[in-house]
Amino acid sequence: MEITKTQHATATVLALSGRLDGLASPALEKEIDAVLAAGSKVLVLDLSALAYVSSAGLRVFLTAAKKSKTAGGRATFVALPAPIREVFELSGFLTVLDIRPDVAAAL
Amino acid sequence: MSLPPPHTLTLANDLAEIPRAAAALEAWAEPLDPPMPDLMALQLALEETITNIIHHGHRDQAPGSRSFTVEFSAPAPGRIRLTLTDDAPAYDPLARAEVDTSAPLEDRPIGGLGVHLVKKLMTHAAYERRGPHNILVLERALGTPPAS
C-alpha cells in the first residue's frame, strides 16, 4: 500500500492506494499517529484508490477516529469505492464515521 | 467452461503470508473470471481466517514455525470454496460473539470485526473438528449482491 500525505491549511490528507491488509496496516497506524502528534486537528483519509481493506485496516480507521475526537479534532473518510463502502456498511462504520464524497467536502 | 481443479497452498504462521495467499487465490480463480467484489470478499475471508489461525490457533508460536493449508476449489459453476485445515487446538472462529455494529463510536470495540465480516460476506460457512484438525469451509456464490 502507498500513503501520500498532503498538507492543507487546516487539514492533513492521507491518500491511500492499493491493499490495506493486516501486513500493511501497522504502517498506516504509525503515519496517522505522526500526523496527530504533529497537532493536526483535521485528518482526511482519501480512499479513492483503495482496492482492499480487511478488519485490520478497519481497526486502524476506527482508532484514528477515536484518537482524533479525543484530541478535539476529527477524522473524515472520503471517496469510498463501492466494495470498500460495502465493508464499511457491514461493519456499521457508515453511521459512526464522518464520511464525505470527496476531499474538497472534507476540508 | 471447465472448472479449475482444486489447488492446495501451504502457509506458515506468519502475517507476511497474507498477500501471498491473496495473490494465489486471485491467480487460481482467474479462469472463473470472478467479479471484483466477489474476489475481494473471498480475499477478505481468507485473510481473516489466516489471521485467526495465527493469532488464536498458533498463539505464542514463533512466526514461521508452524504450517497449515488452504484449498481453493470450485464445487459448482459460479461458486468458490476455501477450505482451511490446521492442527492447532480446537477453535471455532464462527462461534465468536456477535459484534454490535450499531454502537456509538466511543463504545465500539476495536476487535471482533473480522469474523463478523466473514459471516456476512460468505454464502456458506462451517466449522468442524475432525481428529487433530480444525477444518473451516467458506463458500461464496459469485455475483452475490452486496450484503447489508
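Just above, that's the structure.
Note that the structure is a prediction, hence the values are computed from the model and not measured.

Participant: Which parts of the structure should I look at to understand the interface of chain B and chain A?
Facilitator: Often, the extent of an interface is quoted as the loss of accessible area on bringing the components together. Taken together, the 25 residues of chain B in the interface contact 21 residues of chain A. Only α1 (17-29), α2 (36-57) and α3 (113-121) of chain B provide two or more residues apiece to the side of chain B that touches chain A. Among the elements that line the side of chain B that touches chain A, the one with the most residues is α2 of chain B, at eight residues. Counted by class, the side of chain B that touches chain A contains 15 nonpolar, six polar and four charged residues.

Participant: For this particular structure, what's the right way to read the pairing of strand β4 (residues 124-130) of chain B?
Facilitator: Looking along a regular strand, one sees side chains alternate from face to face of the sheet. Residues and elements named next belong to chain B. The sheet contact formed by β4 and strand β5 (residues 133-141) spans seven bridges and is antiparallel. Residue pairing in the sheet places Arg-129 in a bridge with Asn-134 of β5. Linking β4 back to β5 in an antiparallel pair, the connection comprises two residues, with Gly-131 at a positive phi of about 60°.

Participant: How do you make sense of the nonpolar core when you look at a structure like this?
Facilitator: Considering soluble globular proteins, one finds that nonpolar side chains tend to be buried as a cluster. Grouped together as the largest cluster of nonpolar side chains are 68 residues, with contacts concentrated most on Leu-47 of chain A together with Ala-45 and Leu-46 of chain B. The element that contributes the greatest number of residues to this core is α2 of chain B, accounting for 10 residues. If we ignore the near neighbours within four places in the chain, the residues touching Leu-46 of chain B are Ala-21, Ala-22, Leu-25, Val-70 and Leu-82 of chain B.

Rules of the game
- Residues numbered from 1 in each chain as written.
- Chains lettered and ligands numbered in written order.
- Predicted model: local features only at pLDDT ≥ 70, side-chain atom pairs only at ≥ 80, totals over all residues.
- Contact = placed C-beta atoms within 7 Å.
- Helix = DSSP H or I, 4+ residues; strand = E, 2+ residues; numbered from the N terminus.
- Nonpolar A, V, L, I, M, F, W, Y, C, P; charged D, E, K, R; others polar.
- Pairing = 2+ DSSP bridges.
- Core = buried A, V, L, I, M, F, W, Y, C linked by C-beta atoms within 7 Å.
- Buried ≥ 20, exposed ≤ 12 C-beta atoms within 10 Å, placed from the backbone.

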